[in-house]
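# A structural walkthrough
Chain by chain, the residues:
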Amino acid sequence: QVQLVEFGGGLVQAGGSLRLSCTTSRRTFNTYAMGWFRQVPGKEREFVAGLTRGDISTVYADSVKGRFTISRDNAKNTVYLQMDTLKPEDTGVYYCAADPARIRPGATVENYVYWGQGTQVTVSS
């Protein structure tokens, strides 16, 4: 079992920035494809950003492209989501997820095996 723990959510004004962190004690963390998702009440969890196994490439939802950056620090077993130029529509609970099977991160919930507990991000207008 892999435990993922997210940090860094909070309240920020539109145009501001936040950095989310997702950490685990699993030393093989760098062999997993990773994803960040977000969810608002009444809606399905949606893909935000993904990182391939080995950190070869990244992929982003169109709604966050150019504003969000996913990255990984293998020495710290941590994946980050840097969120800049935040908008009110970025509000939601953000989850990190790990896929030990694939090289490329999937864009659907079903692709991932391990999930964090979520962290709330609220962007005020």
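Okay, so let's go over this structure. (Residues numbered from 1 in each chain as written. Predicted model: local features only at pLDDT ≥ 70, side-chain atom pairs only at ≥ 80, totals over all residues. Heavy atoms only, no water.)

### Looking at the nonpolar core
- Among the nonpolar cores identified, the biggest contains 28 residues, and W36, L81, M83 and Y94 are the most heavily contacted of them.
- Elements that contribute at least two residues to this core include exactly β3 (18–23), β4 (33–39), β5 (46–51), β7 (68–73), β8 (78–83), β9 (92–99) and β11 (119–124).
- Sequence-distant contacts of M83, that is, excluding residues within four places in its chain, are made with G16, S17, L18, L20, R67, F68, Y94 and V121. (Core = buried A, V, L, I, M, F, W, Y, C linked by side-chain atoms within 4.5 Å. Buried < 20%, exposed > 50% of the residue type's maximum accessible area, 1.4 Å probe, protein only. Helix = DSSP H or I, 4+ residues; strand = E, 2+ residues; numbered from the N terminus. Contact = heavy atoms within 4.5 Å.)

### Points about the state of the cysteines
- A complete count under the given rule lists one disulfide for this structure.
- Disulfide pairing is shown between C22 and C96; the S-S distance is 2.0 Å. Between C22 and C96 the sulfur-sulfur dihedral comes to about 55°; the bridge is accordingly right-handed. Residue C22 is located in strand β3, and its partner C96 is located in strand β9; the two are separated by 74 residues in the primary sequence.
- For C22, a relative accessible area of 0% corresponds to the buried category. (Disulfide = S-S within 2.5 Å.)

### What about the pattern of salt bridges?
- One pass over the full model with this rule turns up six salt bridges.
- E46 is the partner of R38 in a salt bridge, and the nearest nitrogen-oxygen pair spans 2.6 Å.
- The exposure class assigned to R38 is buried, which follows from its relative accessible area of 6%.
- When its relative accessible area of 37% is taken as the criterion, E46 is described as partly exposed.
- A salt bridge links R38 to D90, with the shortest nitrogen-to-oxygen separation between them at 2.9 Å. On the criterion of sequence distance, the pair formed by R38 in strand β4 and D90 in the loop between β8 and β9 is long-range, its members being 52 residues apart. Take R38 and D90: they sit in the same class, and that class is buried.
- Ionic contacts of the salt-bridge type, sharing partners, join the residues R38, E46, R67 and D90 into one network. (Salt bridge = Lys/Arg side-chain N within 4 Å of Asp/Glu carboxyl O.)

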